[in-house]
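Letter by letter, the chains look like this.
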Amino acid sequence: MTVIPSTMKKYLLFFGLICALGWSQPIDRCNYSKFLKKKFQERPELEQYHRDMQAYLRQPQTALANKNSQIVVTIPVIFHILYKTTAQNVSDAQIDSQIAVLNADYRKLNTNFSSAVPAAYQSLGADVELLFCKAVRTPAGAATTGVVRKSINSNAIFEDIYFTSTGDLAWDTTQYLNIWVGSFTDTTLLGFATPPSNVGDPSDGLCIGYKNFGSTGTAVSPFNKGRTATHEIGHYFGLEHPWGEDGSACGSGLNDDGCADTPATNNPYYGCPTFPDNTNMCTSTANGAMFMNYMDYVNDICMGFFTAGQKVIMRNAVNGPRAALLNSNACVPLSVDRFDAIQSIQAFPNPFSNYFTLSSPSMDIDSADIYNLNGQLVKQIKMNGNNTRVDMDELPASAYFLRVYQGSNFVTSLKVIKK
């Protein structure tokens, strides 16, 4: 079992590690569910917040999912290469190979789509309409190659220190997808990511092993096609494994990934299964499990697509908790007029149980006042960056109205509902 070091606990809060694909043998290598359960035991109120966010992202075909649905969104990436040996200092060519894989996989342009995805499932394949680029601007506006290289101590535990000053501090996590590359002390671990609920945290992003990064250089078979990053970025944009929470029995409600077009299973698949396979299916069908989905655990060469349902979740995340990425100038400067900037101000999840996040990805706002249905001021908020989490635990279930301000100037109003 993977042990989460104390420093990681400090920064990851309850969101923890969402672990990646593991080695081909079916061993217990993913602590996602165990970590969540532990944090829920410590702070029970966080479980409902997590569930609310999942439900928010899973809303099918909402205006949020359809917003900018015909626009290909470019995500700026900063790579932090943390190496202990020369071999671990992966080349620019290897980094570029990873970008190329991501751009193919998230546009449904991967060359193995027809060979990896059976004809029975090909019609479900989705172009997620996401592209990835190496950042060309630093947060301060200076030129960059999109790569930071740093030699770290040979005794450093990469999975513990990657986002700290001992590793390399994240660039603004609301404006960049941070990817740290290094060597895990836990040799069964290929990578992990944090979910949309973790946006703005110093640890937010992906942490990935140098032996399963990209499709050349140090990448080692059977995880040498760059699909670990493809899988992890799915988590980063709100996807879960097809079997939901690990170890959950079929029909429990916890083995549901929120996608109607991914058949329910109760365990991951490994290696390269033969289609059709019903081994882990909750209900056997003629087509069997969708083990070739990017969010399962099969070998890189045997996975090949995301579904339309998974696209809805990821686009909800892009237009919701990760919306600040849409207006990052790290790759290409974007101009946003004031009307669009105001329209981008959101509260999510909505409805909520205890917490919601007030997000303003396209303009600076300073504060918000919250009023009840009787017009009484019940709470005042001071913004902390683009995303500020608001605790409403002390207030009764009801509808509330937010008045949002930039300085002393009123900007917009929003309605939120506490369940």
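Before any of the text, the structure's been laid out above.
Residues numbered from 1 in each chain as written. Predicted model: local features only at pLDDT ≥ 70, side-chain atom pairs only at ≥ 80, totals over all residues. Heavy atoms only, no water.

Student: Explain the overall build of the chain here, please?
Tutor: Counting secondary structure elements, the chain contains 11 helices and 14 strands. Once local pairs closer than 6 in sequence are excluded, the contacts in the chain between residues at least 24 apart make up 69%. (Helix = DSSP H or I, 4+ residues; strand = E, 2+ residues; numbered from the N terminus. Contact = heavy atoms within 4.5 Å.)

Student: Help me understand the pattern of salt bridges in this model?
Tutor: Between side chains of opposite charge, pairing is possible as soon as their charged atoms come close. Scanning all chains against the criterion turns up nine salt bridges. In this structure, Lys 134 and Asp 96 form a salt bridge, with 2.9 Å as the shortest nitrogen-oxygen distance. Of this pair, Lys 134 sits in strand 3 (residues 130-134) while Asp 96 sits in helix 5 (residues 92-105), and the two are 38 residues apart along the sequence. Take Asp 96: its relative accessible area is 38%, and that puts it in the partly exposed class. A salt bridge links Lys 311 to Glu 129; the nearest nitrogen and oxygen atoms lie 2.8 Å apart. Within this pair, whereas Lys 311 is found in helix 10 (residues 308-319), its partner Glu 129 is found in the loop between helix 7 (119-122) and strand 3, the two being separated by 182 residues in sequence. (Salt bridge = Lys/Arg side-chain N within 4 Å of Asp/Glu carboxyl O. Buried < 20%, exposed > 50% of the residue type's maximum accessible area, 1.4 Å probe, protein only.)

Student: So what exactly am I meant to see when it comes to the side chain of Asp 300 here?
Tutor: Relative to the elements of secondary structure, Asp 300 occurs in the loop between helix 9 (227-236) and helix 10. Look at Asp 300: it is buried, it has no salt bridge, and the nearest opposite charge is Arg 227 at 6.1 Å. (Lys, Arg positive; Asp, Glu negative; His and termini not counted.)

Student: What am I meant to see in the state of the cysteines here?
Tutor: Defined simply, a disulfide is a covalent bond joining two cysteines at their sulfur atoms. According to the stated counting rule, one finds three disulfides in the structure shown. Shown here is the disulfide that connects Cys 133 with Cys 331, its sulfur atoms set 1.6 Å apart. Here the disulfide of Cys 133 and Cys 331 is right-handed, its torsion about the S-S bond being about 105 degrees. Of this pair, Cys 133 sits in strand 3 while Cys 331 sits in the loop between helix 10 and helix 11 (338-343), and the two are 198 residues apart along the sequence. Shown here is the disulfide that connects Cys 250 with Cys 282, its sulfur atoms set 1.9 Å apart. Because the sign of the S-S torsion sets the handedness, a value of about -80 degrees for the bond joining Cys 250 and Cys 282 places this disulfide among the left-handed ones. Highlighted residues: Cys 250 in the loop between helix 9 and helix 10 and Cys 282 in the loop between helix 9 and helix 10, separated in sequence by 32 residues. You can call Cys 282 partly exposed: its relative accessible area is 27%. (Disulfide = S-S within 2.5 Å.)

Student: So what exactly am I meant to see when it comes to the side chain of Thr 144 here?
Tutor: Relative to the elements of secondary structure, Thr 144 occurs in the loop between strand 3 and strand 4 (147-151). Polar contacts involving the side chain of Thr 144 include one to the main-chain amide nitrogen of Gly 146, which spans 3.1 Å. What Thr 144 contacts, discounting residues up to four positions off in sequence, is Ala 135, Val 136, Arg 137, Thr 138 and Trp 171. (Polar contact = N/O pair within 3.5 Å; in protein donor to acceptor, adjacent residues only side chain to side chain.)

Student: What am I meant to see in the nonpolar core here?
Tutor: Generally speaking, a soluble globular protein has its nonpolar side chains buried in company with each other. Within the largest apolar cluster, 58 residues are counted, with the highest numbers of intra-cluster contacts made by Phe 79, Tyr 106, Phe 132, Leu 177 and Phe 237. When residues of this core are traced back to their parent elements, those giving at least two are helix 3 (45-57), strand 2 (73-83), helix 5, strand 3, strand 5 (177-182), strand 7 (206-209), helix 9 and helix 10. The residues contacting Tyr 106, other than those within four sequence positions of it, are Asp 127, Val 128, Glu 129, Leu 130, Phe 132, Thr 230, Ile 233, Gly 234, Phe 306 and Met 314. Formed by 22 residues, the second largest nonpolar core is a distinct cluster that contains Ile 342, Phe 356, Met 383 and Val 390. (Core = buried A, V, L, I, M, F, W, Y, C linked by side-chain atoms within 4.5 Å.)

Student: Is there a simple way to think about helix 10 in this case?
Tutor: Each turn of an α-helix holds 3.6 residues, which means side chains three or four residues apart point in the same direction. With 12 residues, helix 10 extends 16 Å between its outermost C-alpha atoms, agreeing within 8% with the 16 Å of an ideal straight helix rising 1.5 Å per residue. Most of helix 10 sits out of view: 11 of its 12 residues are buried. Buried within helix 10 are the following residues: Gly 309, Gln 310, Lys 311, Val 312, Ile 313, Met 314, Arg 315, Asn 316, Ala 317, Val 318 and Asn 319. (Expected span 1.5 Å × (residues − 1).)

Student: How should the sheet that holds strand 12 (residues 387-391) be read in this particular structure?
Tutor: Hydrogen bonds between backbone atoms are what pair the strands of a sheet, whose relative direction is either parallel or antiparallel. Within the open sheet, the three strands sit side by side as 8-9-12. Their pairing is antiparallel. Only two strands of the sheet have a single neighbouring strand rather than two, namely strand 8 (346-348) and strand 12. On average, each strand axis in the sheet is inclined to that of its neighbour by 25 degrees, with strand direction left out of account. Pairing analysis gives three bridges linking strand 8 to strand 9 (residues 355-359), with the strands arranged antiparallel. Considered in strand 9, the bridge of Phe 348 is made with Thr 357. (Pairing = 2+ DSSP bridges. Axes fitted to C-alpha atoms, helices over the stretch in contact; angles between N-to-C directions.)

Student: Hey, could you run me through the sheet that holds strand 10 (residues 367-371) in this one?
Tutor: Read across the sheet, four strands follow the order 11-10-13-14 without closing on themselves; strand pairing throughout is antiparallel. Each end of this open sheet is capped by a strand with a single partner; those strands are strand 11 (377-382) and strand 14 (409-418). Ignoring which end each strand starts from, the neighbouring axes of this sheet average 20 degrees apart.

Student: Looking at this structure, how should I read unusual backbone geometry?
Tutor: Negative phi characterises most residues that are not glycine, and trans characterises most peptide bonds. Cis geometry marks the peptide bond from Phe 348 to Pro 349; its omega dihedral reads -10 degrees. As for its position among the elements, Pro 349 is in the loop between strand 8 and strand 9. Of note, the bond from Asn 350 into Pro 351 is cis; its omega dihedral lies within 30 degrees of zero at 10 degrees. As for its placement among the helices and strands, Pro 351 is situated in the loop between strand 8 and strand 9. Notably, Lys 108 is not glycine yet its phi reads approximately 55 degrees, a positive angle. Its place among the elements puts Lys 108 in the loop between helix 5 and helix 6 (113-116). Phi at Glu 129 is positive, roughly 60 degrees, even though this residue is not glycine. Exposure remark for Glu 129: the relative accessible area of 10% places this residue in the buried category.

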